[in-house]
Amino acid sequence: MAQGVEWESPFGFREELEVVVSALSSNGDALAIGPDPRNSWVIVAPFALPGERIRVRVYRSSRLHSFADLLEVVSPNLELRDNSRIGCKYFGKCSGCQYQMLSYESQLDIKRNVVIKAYQNFSRLPESSIPNVLPTIGSPLQYNYRTKITPHFEAPPKRARQTESTDASTSRPDWLRIGFNEIGKRTVLDIEECPIATPILNEAFGPIRKDIIKNIWSYKKGVSLLLRDSVEPNSENKQATSNETDNPLQEEEKHICITDPKATVREKVGDMFFEFPGHSFFQNNNSILVPLTDYVRDAIFPTTPKQSPDQCPTHLVDAYCGSGLFSIMLCSHFQTVAGIELSADSIRSASHNAHLNDIPEGRCTFRAGDAANIFSVVSDFPREKTALIIDPPRKGCDENFIDQLVVFRCKTVVYVSCNVHTQARDIGMILGKMAKRADGEEGRYVVESLRGFDLFPQTAHVESVAVLRLI
């Protein structure tokens, strides 16, 4: 390609063409090379699989690639595609899910490949430093797992207000759509139910929709709704009597839908309870949280004859601790646990949750860290007996945090990430900085294991867990 023409698409707006899918991107889109003589350009389209011949229509172009709507799968990949698996009538239009036509085993394999490619392309590590990526851990629930959804809608447009009916109508106006983004468009797709959301959220969504339709003319601007699945506070608690807790036939706790961002949401993970404001972050697939936290625990305490009991970690630092999920779930395995957060609201929620779960005073504490010197609040922890859990937001860790981590130099680091690409970048930076300052006495980190977790079945998203060990 000639220099300076990488923004000049060879495909016109709304041009239709047939292409063969070469691969999937990390967000689940199909990637195809344009046909000769325009094969220096990539076509990006949704809901197609490698090996399939598809007909698409271009709607937008960018550098070296164009985005297109999928019009038809001309030749399906029958080894992968089985449309009878699709569990949602909106699939193919809604932007929420990408993989409902795939077997769950295929979804997990694809997500493992995302982790592999992320470390190949973003870590800047030699192949010898990257361990074989382990098979992706699947979610116990593949549908009805999502405990939070945020459907949205727009206020009545000016044109509709000019013909506004004064009658209270129970029918939805044609222009009103309450749901999620439509794939490839800036419009809302009207949705009456979401099969990946928990049953309690779908039950609540129907009446919420009816109320919006009834009162739509009172809205002056668009609204993003919040629906969160919550254990009803008084349905089960830690103060239950011994007779109640010993009864194997005891009724399960009642769930309710929380819609107020300021209201308290309660989730049960294993035997522990967590409470936090509706607007706060908490993992949205409750069914996989016990397997995830158990895996992190086992990574910190490997069952290997090489590690004697006196070598096991006694202290845990939970950075980006949020409402205290890892700190509280793993607390019983450590003498001392410290959760660190920059957010004062998160510190309050985490401290409340420690008390809610009857954790002994002083065993699990939550401390506000200064971004410029975040590990100063745990400076008394013995480094050779300390494990560190990192669970940052999608943007990953900044270089200042990584510099401090390298200086802190604890025995084990478990990096949990919702963005494997920034995780790979950060892991590469950690190992690179360790190599520059490593000496015979202080040692260096190695990547002991890499593994994906499927927190969002039917979608392209994959969580990644990397374990670093000081040697």
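Because the structure is a prediction, the values reported are computed rather than measured. (Residues numbered from 1 in each chain as written. Predicted model: local features only at pLDDT ≥ 70, side-chain atom pairs only at ≥ 80, totals over all residues. Heavy atoms only, no water.)

### Some thoughts on the overall build of the protein chain
Line of reasoning, step 1. Scanning the protein chain for helices and strands turns up 9 helices and 22 strands.
Line of reasoning, step 2. Taken over C-alpha atoms, the radius of gyration comes to 25 Å for the protein chain, in line with the 23 Å a tight globule of 471 residues would show.
Line of reasoning, step 3. Based on the C-alpha atoms only, the size of the protein chain along its principal axes is roughly 70 × 60 × 40 Å.
Line of reasoning, step 4. Burial status across the protein chain gives 47% buried among its 471 residues.
Line of reasoning, step 5. When contacts within the protein chain are restricted to residue pairs at least 6 apart in sequence, long-range pairs at least 24 apart make up 68% of them.
Line of reasoning, step 6. Accessible surface, the protein chain as shown: approximately 23,400 Å² in total, 49% of it carbon and sulfur.
Line of reasoning, step 7. Each charge class in the protein chain can be summarised by its mean position, and for the 53 positive and 59 negative side chains these summaries are 5 Å apart. (Helix = DSSP H or I, 4+ residues; strand = E, 2+ residues; numbered from the N terminus. Rg over C-alpha atoms; globule rule 2.2 N^0.38 Å. Buried < 20%, exposed > 50% of the residue type's maximum accessible area, 1.4 Å probe, protein only. Contact = heavy atoms within 4.5 Å. Areas by Shrake-Rupley, 256 points an atom, 1.4 Å probe, with all protein chains shown as cover. Lys, Arg positive; Asp, Glu negative; His and termini not counted. Charge placed at Lys NZ, Arg CZ, Asp CG, Glu CD.)

### A short note on the pattern of salt bridges
Line of reasoning, step 1. Across all of its chains, the model carries 21 salt bridges by this definition.
Line of reasoning, step 2. Among the salt bridges present, the one from Glu182 reaches Lys185, with a minimum N-O distance of 3.7 Å.
Line of reasoning, step 3. We classify Lys185 as partly exposed; its relative accessible area is 47%.
Line of reasoning, step 4. Among the ionic pairs, Glu399 bridges to Lys433, the shortest N-O distance being 2.9 Å. One end of the pair, Glu399, is in helix 8 (residues 399-408); the other, Lys433, is in helix 9 (residues 420-437), and 34 residues separate them in sequence.
Line of reasoning, step 5. Relative accessible area serves as the criterion here: at 45%, Glu399 is assigned to the partly exposed category.
Line of reasoning, step 6. Taking the relative accessible area as the measure of exposure, Lys433 reaches 19% and is therefore buried. (Salt bridge = Lys/Arg side-chain N within 4 Å of Asp/Glu carboxyl O.)

### Overview of the packing of aromatic side chains
Line of reasoning, step 1. Scanning the model with the defined rule gives 12 aromatic pairs in all.
Line of reasoning, step 2. An angle of 70° between the planes, with centres 6.4 Å apart, marks the rings of Tyr145 and Phe456 as edge-to-face. Linking Tyr145 in the loop between strand 6 (134-137) and strand 7 (148-149) with Phe456 in the loop between strand 21 (445-453) and strand 22 (463-470), this pair joins segments that are 311 residues apart in sequence.
Line of reasoning, step 3. The class of Phe456 is buried, set by a relative accessible area of 13%.
Line of reasoning, step 4. With centroids separated by 5.1 Å and ring planes inclined at 50°, the aromatic side chains of Phe301 and Phe334 adopt a geometry described as tilted. Taken as a pair, Phe301 in the loop between helix 5 (289-300) and strand 16 (315-319) and Phe334 in the loop between helix 6 (325-330) and strand 17 (336-341) lie far apart in primary sequence, 33 residues in all.
Line of reasoning, step 5. Phe334 gets classed as buried once you look at its relative accessible area, which sits at 2%. (Phe/Tyr/Trp six-rings, centres within 6.5 Å; stacked < 30°, edge-to-face > 60°.)

### Structural notes on the environment of Ile374
Line of reasoning, step 1. Checked against the element boundaries, Ile374 lands in the loop between strand 18 (364-368) and strand 19 (386-390).
Line of reasoning, step 2. Residue Ile374 is classed as buried on the basis of its relative accessible area of 9%.
Line of reasoning, step 3. Distance from Ile374 to Cys88, taken between C-alpha atoms, is 45 Å for residues 286 residues apart in sequence.
Line of reasoning, step 4. Ignoring sequence-local partners within four residues, the contact set of Ile374 consists of Ile340, Leu342, Gly369, Phe401 and Gln404.

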